[in-house]
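Chains, contacts and geometry: an overview
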There are 2 protein chains.
Amino acid sequence: MAGRVTLRDVAREAGVHTSTASRALNPATRSVVNPETVEKVLAVARRLGYRPHPLARGLRTNQTMTIGMVIPDIENPIFGPLVAGAESVFGAGGYSVLITNVDRGGNVKPLVATLLERRVDGLVLATALREDEVVSELRAQDIPTVLVNRTTDEYLVPSIVVDDQAGIGLVVRHLVGLGHRRIGHVAGPRHLSTGWGRYQGFFGWMQSLGLDVSPEQVEEAEWFQVEPGYRAAQRLLERLPDLTAIVAGNDLIGLGCYRAIREFGKEVGRDVSVTGYNDIALLDLMQPPMTSVRVPFRRMGEEAAKLLLGLLSGERSDTETISVRLQPILSVRSSTAPPPDDA
Amino acid sequence: MAGRVTLRDVAREAGVHTSTASRALNPATRSVVNPETVEKVLAVARRLGYRPHPLARGLRTNQTMTIGMVIPDIENPIFGPLVAGAESVFGAGGYSVLITNVDRGGNVKPLVATLLERRVDGLVLATALREDEVVSELRAQDIPTVLVNRTTDEYLVPSIVVDDQAGIGLVVRHLVGLGHRRIGHVAGPRHLSTGWGRYQGFFGWMQSLGLDVSPEQVEEAEWFQVEPGYRAAQRLLERLPDLTAIVAGNDLIGLGCYRAIREFGKEVGRDVSVTGYNDIALLDLMQPPMTSVRVPFRRMGEEAAKLLLGLLSGERSDTETISVRLQPILSVRSSTAPPPDDA
DNA sequence: CGGCCATCAGCAATCGATTGCTCCATCGAT
DNA sequence: ATCGATGGAGCAATCGATTGCTGATGGCCG
């Protein structure tokens, strides 16, 4: 029965008062106790296998050593590594992670409320919208919060995101380098920073590379999924049948593009190149393997955890602007190739 | 500031003692309080937005309303739905889920110890080995525990698994029905109930369908991953080049088989049929789309949560044998076809 | 009219740890 | 020798809710 031993037991056994035992056990207050007494208490605690009761401690100190994490659509494979990374860093810091999943269309607010009722010490949200009421409130209430993967337009709380400008730059330059000129974009939802940032990046890079680009070269998928990507790609190809390349908002949308391209009687990688984003697992096993922008999700989770730990320890104030933009790299595969000669 | 209001505040405002307020608020003890008083307290609590402090309550009642969940290799896509399913049921029951990931080869014991120190009310483990010391200890300590996806050989605690016997039956009968006779098996690790059960099922079904089957038709992948699956498939095909079908231990192993088959100059689905297991996302987009056994992971998570909730409420005793075997169904795709004529 | 019981609410202990304050003893300085 | 400073340890309050027990009130029955 681990944990049956209370501080009282330790104190009695060591022949000191509980308060003394408490101070001896706590590294921060240890200095006010006689070193010999400290030794004695420590020895007894070890022998008895004493473990402080987290609830009792938390009640008094008003800390739960618990982090709340909200994940949208946990079935999306990008979130596994993200959670794993965060969890490992939090675990090393003595924190545990309460996880909550919110399916697409679900309401984040009550979930966050539940987490706060549980008195989590901080939050990691992977659910931010570009304009996010929940985040604003958390900011207003001074609840240590870190955003991950997505962020808000206005800086409210720290975030760890990937540099979409850079990521899209990688694919656009890659495509242009291959000789593509007529490039389209099947964007993700533009009310999310990821969809928006990539969309912006697409425009920016096309222009800066001196290529014509207009809004009609873009279609928006309602969601970062295969099916919506497929439908958006259909619309795009119908309007602009002579595109030689499509930059997809993420890998799943890219897979939707594959399907649409085939339905138009063309071959992916030969007639029309496609790029994805995120570089999820198994992408290299698709037909053809998809060129994508590799996003370090595990690292993203780790950085988010470190950042939040920093906020919690008071080392960093969340009023100072801190945002981390991770740099992606390009995974080139055979879904991208020079445009066909007759193009 | 949700939660700043304490029971004391409510009691004072309602003009009653805290104990009365407490009883009025708790449905179980409400009957002992005058209905009018109850109304009054309830009204005040609502007005003030009172939320009980979970730590204070937990300290007294010795319950944290928290469940610990241990996931192996959280990056594996099967665990997303499983976690989501469990989390939604637990959430509805007022429980929160502390999640812990253990990477392959990691040690589960200290993670469980941490969770127990946190005083979780129960555990869901997706990490069971066929002989599992940790599970035995939990059983011995009477800690409400449920296993999910994998189970132990000896019945120790309740589990929710898929019926591997039935699942393998689906694929073997499917293959035999297509005309295959020389069928091999690339098994998953046999120290896990999933690897073992499918291996057993393969033998059983082959025999019961009157086909020759010997251990040399089987190779074991060290892990449920593409790469180990590939290596095992290589070994198998080298030994038995005339196989017309391979039953893979799971989808990822199946994808490894794809690669090995191609390296042997054959075509998947035409020369050699392949079946997977689990039916993970994107499998339908592989080349060729893989026939697989669909396992309802979300449901598995839900059932696990329900079962554990049952144990916790005392409705069910964990001494009575309870195990749920979910029934899988077959997703037929084009990785399976009749054997080639010359075979 | 007295006594008994049921109903309801308050008192106070309790869960286990933390921490401000007090108290005592010792030591050094004047 | 006296006083103050200092180190070290104990006392008790506290965090917020739950709950066994006690006590008061009022109704009913004999």
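Structure shown above.
Summary of the structure given here. (Residues numbered from 1 in each chain as written. Chains lettered and ligands numbered in written order. Predicted model: local features only at pLDDT ≥ 70, side-chain atom pairs only at ≥ 80, totals over all residues. Heavy atoms only, no water.)

Turning our attention to the relation of the copies chain B and chain A. Least-squares fitting of chain B to chain A yields an RMSD of 0.1 Å, with the superposition described by an axial translation of 0.1 Å and a rotation of 180 degrees. Interpreted geometrically, this transformation is the action of a two-fold axis. Considering only C-alpha atoms, the residue of chain B closest to the rotation axis is L98 of chain B, which sits at 2.3 Å. (Least-squares fit on C-alpha atoms with pLDDT ≥ 70 in both.)

Below, the discussion takes up empty space enclosed by the protein. With the rule as written, the count across this model stands at five cavities of 30 Å³ or more. Computed from the structure, the largest cavity encloses a volume of approximately 250 Å³. Elements that contribute at least two residues to the lining of the largest cavity include exactly α4 (54–61) of chain A together with α4 (54–61) of chain B. The biggest single contributor to the lining of the largest cavity is α4 of chain B, with three residues. For the lining of the largest cavity, the per-class residue count stands at seven nonpolar, six polar and two charged. (1 Å grid on protein atoms, 1.4 Å probe; cavity = no way out; pocket = protein on both sides within 12 Å on 5 of 7 lines; lining within 4 Å. Points joined across faces, edges and corners; volume = space filled by probe spheres on them. Helix = DSSP H or I, 4+ residues; strand = E, 2+ residues; numbered from the N terminus. Nonpolar A, V, L, I, M, F, W, Y, C, P; charged D, E, K, R; others polar.)

With that settled, the discussion passes to the interface of chain B and chain A. On the side of chain A, 43 residues touch chain B, which itself brings 44 residues to the contact. Summed over both partners, the interface of chain B with chain A comes to about 4000 Å²; 60% of that surface belongs to carbon and sulfur atoms. It is L55, R118 and R119 of chain B that lose the most area in chain B upon contact with chain A, and together they represent 17% of the buried surface on that side. At the boundary of chain B and chain A, one finds four salt bridges. When the shortest N-O distance is used, the salt bridge between D103 of chain B and R298 of chain A registers 3.3 Å. Our enumeration of links across chain B and chain A arrives at 18 residue pairs in polar contact (both at pLDDT 80 or more). Those elements that provide at least two residues to the side of chain B that touches chain A are α4, α5 (79–92), β2 (96–102) and α11 (251–263) of chain B. Looking at the side of chain B that touches chain A, the element that brings in the most residues is β2 of chain B, giving six residues. Here the side of chain B that touches chain A is composed, by residue class, of 22 nonpolar, 14 polar and eight charged. (Contact = heavy atoms within 4.5 Å. Buried area = accessible area lost by both parts, 1.4 Å probe. Salt bridge = Lys/Arg side-chain N within 4 Å of Asp/Glu carboxyl O. Polar contact = N/O pair within 3.5 Å; in protein donor to acceptor, adjacent residues only side chain to side chain.)

Take the protein's contact with DNA strand C next. Looking at DNA strand C, there are 26 residues lining it, with L7 and R60 of chain A together with H17, R23 and T37 of chain B nearest. For DNA strand C, the fraction of atoms within 4 Å of the protein that belong to sugar or phosphate moieties is 59%. Here a phosphate oxygen of DNA strand C sits 2.7 Å away from a polar atom, N or O, in the side chain of T20 of chain B. Between DNA strand C and the protein, one listed contact pairs a base oxygen with a side-chain N or O atom of R23 of chain B at 2.6 Å. Listed by contribution, the elements that provide at least two residues to the surface near DNA strand C are α2 (18–25) and α4 of chain A together with α2 (18–25) and α4 of chain B. Looking at the surface near DNA strand C, the element that brings in the most residues is α4 of chain A, giving five residues. The residue inventory of the surface near DNA strand C, partitioned by class, reads nine nonpolar, ten polar and seven charged. (Near = heavy atom within 4 Å.)

What follows covers the protein's contact with DNA strand D. As a structural note, the neighbourhood of DNA strand D is formed by 26 residues, with T20, R23 and T37 of chain A together with L7 and R60 of chain B the closest of them. Restricting attention to atoms of DNA strand D within 4 Å of the protein, one finds that 59% of them are sugar or phosphate atoms. A distance of 2.6 Å separates a phosphate oxygen of DNA strand D from a polar side-chain atom of T37 of chain A. The backbone of A56 of chain B places a nitrogen or oxygen atom 3.1 Å from a base nitrogen of DNA strand D. Elements with a minimum of two residues in the surface near DNA strand D: α2 and α4 of chain A together with α2 and α4 of chain B. Tallying contributions element by element places α4 of chain B first for the surface near DNA strand D, with five residues.

Next up on the list: the layout of surface pockets. A volume near 1700 Å³ is recorded for the largest pocket. What lines the largest pocket is a set of 50 residues, among which R51, P52, H53, P54 and R57 of chain A lie closest to the centre. Broken down by secondary-structure element, the contributors of at least two residues to the lining of the largest pocket are α1 (7–14), α2, α3 (35–48), α4, α5 (79–92) and β2 (96–102) of chain A together with β2 and α6 (108–117) of chain B. For the lining of the largest pocket, the residue count by class is 20 nonpolar, 17 polar and 13 charged. When its volume is computed, the second largest pocket comes out at roughly 1400 Å³. In this structure, the second largest pocket is lined by 50 residues; those nearest its centre are P77 and L282 of chain A together with P77, I280 and A281 of chain B. Contributing elements (two or more residues each) for the lining of the second largest pocket: α10 (226–239), α11 (251–263) and α12 (297–312) of chain A together with α10 (226–239), α11 and α12 (297–312) of chain B.

Further remarks concern the pattern of salt bridges. Residues and elements named next belong to chain A. What the rule picks out here adds up to 44 salt bridges over all chains. The residue E227 makes a salt bridge to R231 at a minimum N-O spacing of 3.7 Å. You can see E227 and its partner R231 sitting in helix α10, four residues apart, about one turn around the helix. Overall, the relative accessible area of 33% leaves R231 in the partly exposed class. What emerges from the salt-bridge pattern is a single network uniting E222, E227, R231 and R259. (Buried < 20%, exposed > 50% of the residue type's maximum accessible area, 1.4 Å probe, protein only.)

Residues and elements named next belong to chain B. Here four strands make up an open sheet; going across it, the order is β7-β6-β8-β9 and the pairing parallel. The sheet terminates laterally at β7 (218–220) and β9 (273–275), the two strands that pair on one side only. For this sheet, the mean angle separating the axes of adjacent strands, direction not counted, is 15 degrees. Across the sheet, helix α9 (residues 193–208) is in contact with β6 (183–187), β7 and β8 (245–248); its angle to β6 comes to roughly 165 degrees. Sheet strands in contact with α11 are β6, β8 and β9, and its direction is about 150 degrees off that of β8. (Pairing = 2+ DSSP bridges. Axes fitted to C-alpha atoms, helices over the stretch in contact; angles between N-to-C directions.)

Our next topic: the side chain of T336 of chain B. All names here are of chain B. Looking at where T336 falls in the secondary structure, it is placed in the segment after β12 (329–331). For T336, the side chain forms a polar contact with the main-chain oxygen of R333, separated by 3.3 Å. Beyond its immediate chain neighbours, meaning those up to four positions away, T336 contacts H174, L175, L178, S273, V274, T275 and T291.

Moving on to the packing of α10 of chain B against α11 of chain B. All names here are of chain B. Two elements in contact, α10 and α11, have axes separated by 7 Å at closest approach and are oriented at 45 degrees. Put simply, α10 runs oblique to α11. Our pair here, α10 against α11, has a crossing hand that is right-handed. Of α11, the residues touching α10 (which contributes V226, E227, G229, Y230, A233, Q234 and L237) are L252, I253, L255, G256, C257, R259, A260, I261 and E263. Looking at the contact of α10 with α11 residue by residue, the class counts come to ten nonpolar, three polar and three charged. (Parallel < 35°, antiparallel > 145°, perpendicular 65-115°, else oblique. Left-handed = near helix turned anticlockwise from the far one by under 90°.)

The strands making up a sheet associate through hydrogen bonds between their backbones, and the pairing can be parallel or antiparallel. Residue and element names in this part refer to chain A. Across the sheet, which stays open at both edges, the four strands sit in the order β7-β6-β8-β9 with parallel pairing between neighbours. Only two strands of the sheet have a single neighbouring strand rather than two, namely β7 (218–220) and β9 (273–275). Neighbour to neighbour, the strand axes of the sheet diverge by 15 degrees on average, direction disregarded. Bridge count for strand β6 (residues 183–187) against strand β8 (residues 245–248) is four bridges, and the pairing is parallel. For V186, the partnering residue across the bridge sits in β8 and is A248. Where helix α8 (residues 164–178) meets the sheet, its contacts fall on β6, β8 and β9, and the angle it forms with β8 comes to roughly 170 degrees. Packing of α11 onto the sheet brings it into contact with β6, β8 and β9, and relative to β8 it is tilted by some 150 degrees.

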